[in-house]
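Examining the three-dimensional arrangement
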Amino acid sequence: MSPFAALHGLRVGCVQYLNARPLIVPYDGEVVFEHPARLADLLASGEIDVALVPSFEALRQPVFPIVDGVAIASRGPVYSVFLAHCRPLSEVRAVSLDPASRTSTNLLRCLLAEFHGLNPVFDSSEKSRPEGDRGLLLIGNQAIRFRELAREGVHYLDLGEEWLARTGLPFVYALWQIRPEIPNPGAVAGALRAIKCAGLRRVREIGRLQRDFDPAFAERYLTRHIKFDLGGDEKAGLERFRSLLQKQGLIGCSEVPLHFV
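Conventions adopted
- Residues numbered from 1 in each chain as written.
- Predicted model: local features only at pLDDT ≥ 70, side-chain atom pairs only at ≥ 80, totals over all residues.
- Heavy atoms only, no water.
- Helix = DSSP H or I, 4+ residues; strand = E, 2+ residues; numbered from the N terminus.
- Expected span 1.5 Å × (residues − 1).
- Buried < 20%, exposed > 50% of the residue type's maximum accessible area, 1.4 Å probe, protein only.
- Contact = heavy atoms within 4.5 Å.
- Pairing = 2+ DSSP bridges.
- Axes fitted to C-alpha atoms, helices over the stretch in contact; angles between N-to-C directions.
- Core = buried A, V, L, I, M, F, W, Y, C linked by side-chain atoms within 4.5 Å.
- Phe/Tyr/Trp six-rings, centres within 6.5 Å; stacked < 30°, edge-to-face > 60°.
- Lys NZ or Arg CZ within 6 Å of the ring centre and 35° of its normal.
- Salt bridge = Lys/Arg side-chain N within 4 Å of Asp/Glu carboxyl O.
- Polar contact = N/O pair within 3.5 Å; in protein donor to acceptor, adjacent residues only side chain to side chain.

For helix 6 (residues 185–201), which comprises 17 residues, the first-to-last C-alpha distance of 25 Å matches the rise-based estimate of 24 Å (1.5 Å per residue) to within 8%. Turning to helix 6, its buried residues number three or more, namely Val188, Ala189, Ala191, Leu192, Ile195, Lys196, Ala198 and Gly199. On its buried side, helix 6 packs onto strand 3 (50–54), strand 4 (66–74), strand 10 (171–178) and helix 7 (203–209).

Quick look at the structure:
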């Protein structure tokens, strides 16, 4: 029997970003690929049963079980989640957002307000580069491509690096959640942990076979920048993020504990 059998028959959703590939490539079933925010909406509406969703959604609506031990996280520079800006950070007055990730958007809001005293205008204007006092938030594959083509004069606020510097904790960008009515969530969570273990054993292969980036870069990114654990430190980072989201009025002040399976 497949070690992933508990997932068979379930509607599984994942992102197509390089950083998620070790968490899904070994899976032998069907997968719905979508942007992070869309996956959260599909899970909430019941259109999919299991999804890799932005951590912001788990904190905003802590009603779905979270798979323990698995995440997309960083402890330091993440490389692929950043604010690009031309002027000094203190002069950034507007930020063009990537609507694909609610986590990164709200993390940036918290970092700028709490630690820099900045509250720029945030909007979804389709800018391809920072200009003047307008910065650009980018995530995932498009962020990596931006760095590859970056011109002189662009500065980066790496959100993973900034979070660690300000809190001393890792940051969790995405995690697996399961619809509460799904039977035997423990077995489903176990299957997702088994996929992670299989994927981490194949990181070099995953880097070599993907076609988006240089294989050497892909392996380096997946081993140095991205972390895939969800342990005590990562959970502490989640709780710190929740407290800042509440302080900034970005989520309600719920005391509902996060439920890990």
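All right, on to the sheet that holds strand 4 then. For sheets, the rule is that strands pair by backbone hydrogen bonds, running either parallel or antiparallel. The strand order across the open sheet formed by five strands is 2-1-3-10-4, and the pairing between neighbours is mixed. Of all strands in the sheet, those bounded by a partner on one side alone are strand 2 (31–33) and strand 4. Ignoring strand direction, the axes of neighbouring strands in this sheet form an average angle of 30 degrees. In terms of strand pairing, strand 3 meets strand 10 through five bridges, oriented antiparallel. From the neighbouring strand, Ala51 faces strand 10, where its bridge partner is Gln177.

This part covers the pairing of strand 8 (residues 134–139). Along strand 8, six of the six residues are buried, which leaves the element largely enclosed by surrounding structure. Residue alternation in strand 8 divides its side chains into two sets, Arg134, Leu136 and Leu138 and Gly135, Leu137 and Ile139, and both sets are buried. Where strand 6 (residues 94–96) and strand 8 come together, three bridges link them in parallel fashion. When the bridges of strand 8 are listed, Val95 appears paired with Gly135.

A word on the nonpolar core. Ranked by internal contacts, the top residues of the largest apolar core, which has 84 residues, are Leu7, Leu52, Leu108 and Trp176. Ranked by residues supplied to this core, first place goes to strand 10 with seven residues. In this structure Leu108 touches Leu83, Val95, Phe122, Leu137, Leu157 and Leu159, once residues within four positions along its chain are discounted. Of all hydrophobic cores here, the second largest spans seven residues; its members include Phe82, Ala84, Ala143 and Phe146.

So, on to the sheet that holds strand 6. Pairing in this open sheet of five strands is mixed, and the strands run 7-6-8-5-9 from one edge to the other. Unpaired on one side and paired on the other, strand 7 (121–123) and strand 9 (155–158) mark the two borders of the sheet. On average, each strand axis in the sheet is tilted by 25 degrees relative to the strand beside it, whichever way the strands run. Those strands touched by helix 3 (residues 102–116) are strand 5 (81–85), strand 6, strand 7, strand 8 and strand 9, and its axis lies near 135 degrees from that of strand 8.

Let us look at the packing of aromatic side chains. Inspection of the entire model under this criterion finds eleven aromatic pairs. The ring of Phe122 has Arg109 lying over it, and the distance from NZ or CZ to the ring centre is 4.2 Å. For the cation-ring pair, Lys235 lies above Phe260, with the distance from its terminal atom to the ring centre recorded as 4.4 Å.

Attention shifts here to the pattern of salt bridges. Side chains that differ in charge, positive against negative, can pair when their charged atoms come close. Considering all chains together, one arrives at 18 salt bridges under this definition. Lys247 is paired through a salt bridge with Glu114; the nearest N and O atoms lie 2.9 Å apart. With Lys247 in helix 9 (residues 232–247) and Glu114 in helix 3, this pair connects stretches of sequence that are 133 residues apart. Measuring nitrogen to oxygen at the nearest pair gives 3.6 Å for the salt bridge that ties Arg145 to Asp212. One end of the pair, Arg145, is in helix 4 (residues 140–149); the other, Asp212, is in the loop between helix 7 and helix 8 (215–225), and 67 residues separate them in sequence. According to the relative accessible area criterion, Arg145 is partly exposed, its value standing at 36%. In this structure Asp212 comes out as partly exposed when scored by relative accessible area, which is 32%. Counted as one network, the salt bridges with shared partners bring together Asp41, Glu57, Arg60 and Arg102.

Here Ser2 is to be found in the segment before strand 1 (12–14). Taking the C-alpha atoms as reference points, Ser2 and Val188, separated by 186 residues in sequence, lie 12 Å from one another. When near neighbours in sequence (up to four residues on either side) are disregarded, Ser2 contacts His8 and Asp28. Side chain to side chain, Ser2 and Asp28 meet in a polar contact 3.3 Å long.

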